[in-house]
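Fold and contact review
Read off the chains here:
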Amino acid sequence: MDFEDFIISPRNFKSESWQIGNRITKDIKEDSIVLLFISDYRGAGGDAEVQDFTSVRTEFYKLSQLDFEIPIVDLGDLVSGRSVQDTHYILQEVLSACHYKRALPVIIGGSNDFAFSLFSALNFHQKSINYTQISNIISLQQGETINEHTFLSKIFGAKNFSIKNYHHLGYQKHLNEMDSVRLIKEVEFDIIRLAEMMNSTEKTEPFFRKAELVTVNCDAIESFSEPFSMNPQVNGLNRREVCAYMKEIGLSENLKSVGIFNYNIYSENQLNHQLLAQMLWYLIEGINIQQSHPKERHYEVFYVLIDDRQHAFKRDTFSNLWYFGDDENIDNCIPCSRRDFDDAKKGWLNARLTKF
């Protein structure tokens, strides 16, 4: 497939030598970070006309490139298909091309249902996917049409999809139908409320550490002055919190694909474009930091006795991150927090750690 027929290449931006725009290229490179912007908002009640992401790029390109080493590619803007399904198909082809080159695609814009395409494309290349979503809504509606309300049920219900763990972060009780929440809990997937994510990333960092796919629904971010998302909310993650979480996403050890959806591209507010640009910057910073970490790790093991049963916790001596389990293979241990270890010493073991 010739992607030139489906992608509008971004225009050139003048950047200083120290700015990130000075090192961005337009062709997919091996082991690179690939940015692709989408204008199809039909899954969230919007339209599919090509929108101008120039304002976002202007804010992003002028940020510092620090000492980033991973190549950054801006493919451009994806042209929407005749139907939403057509756009999903085209996007999956582009994503697959990225995965073949071990590039990490970051999809910006479009409605939240494009998480389905990210999952589908990644599932073609690997099985048993760890998927973490930040979203204020848990919707498991059924229907033939794919949209922001049905895509999650299609992921869970597809026979050829292989999902290992699903973590839903940023859930707000007053916005959700209880049946969907109850069903997620019954299959023992994790649901984390917004209140548990505020002020600090420490408690929820373990849900990103092993994730291959992470998607962010901008509806989970609070709006200010002008709507930041397609379904703006007065409550949500604030500007500093969401940038901190974008960095945590980048720090994931297994990250293969990222989506930032439901951004209000119709906004004329420069602060909205600036926030989205900085979210991308912190994501890229996290990815670069993770790539600089040593591949060989060493762990301290701590044993805690609860009700006459011994439990093992491990601490990575380099990153100071914690794991639960005594398996010699760290991949078989469960990411946890220092707080989980401290609670265990007091006699209380997080139920999440005992599910496996």
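Rules and cut-offs
Residues numbered from 1 in each chain as written. Predicted model: local features only at pLDDT ≥ 70, side-chain atom pairs only at ≥ 80, totals over all residues. Heavy atoms only, no water. Core = buried A, V, L, I, M, F, W, Y, C linked by side-chain atoms within 4.5 Å. Buried < 20%, exposed > 50% of the residue type's maximum accessible area, 1.4 Å probe, protein only. Helix = DSSP H or I, 4+ residues; strand = E, 2+ residues; numbered from the N terminus. Pairing = 2+ DSSP bridges. Salt bridge = Lys/Arg side-chain N within 4 Å of Asp/Glu carboxyl O.

Notes on the nonpolar core
Counting 55 residues, the largest nonpolar core has Phe 60, Val 106, Ile 134, Ile 249 and Met 279 as its most contacted members. Those elements giving two or more residues to this core turn out to be β3 (33-38), α1 (54-61), β5 (104-109), α6 (206-209), β9 (213-217), α7 (239-250), β10 (257-261) and α8 (270-292). Here this core gets nine residues from one element, more than from any other, and that element is α8. Leu 122, Ile 146, Phe 189 and Phe 261 belong to the second largest nonpolar core, which has 40 residues in total.

Details of the pairing of β3
The buried fraction of β3 is high, at six of six residues. Burial along β3 is two-sided: the face carrying Ile 33, Leu 35 and Phe 37 and the face carrying Val 34, Leu 36 and Ile 38 are both buried. One ladder, built from six bridges, connects β3 with strand β4 (residues 72-78); its direction is parallel. The residue bridging Leu 35 from the neighbouring strand is Asp 74, located in β4. In the sheet, β3 pairs with β5 via six bridges, with the strands oriented parallel. In the strand pairing of β5, Ile 38 is matched with Gly 109.

Notes on the pattern of salt bridges
In the structure shown here, the tally under the stated rule is 17 salt bridges. Across the salt bridge formed by Lys 210 and Asp 331, the nearest N and O atoms sit 3.3 Å from each other. A residue pair is termed long-range when its members are at least 10 positions apart, and Lys 210 in the loop between α6 and β9 and Asp 331 in the loop between β13 (322-324) and β14 (334-336) qualify at 121 residues. Notably, a salt bridge pairs Lys 247 with Glu 285, separated by 3.8 Å at the nearest N-O pair. On the criterion of sequence distance, the pair formed by Lys 247 in helix α7 and Glu 285 in helix α8 is long-range, its members being 38 residues apart. What makes Lys 247 partly exposed here is its relative accessible area of 28%. Here Glu 285 falls in the buried class, since its relative accessible area comes to 13%. Three or more residues are tied together by salt bridges with common partners; here these are Glu 30, Asp 31 and Arg 102.

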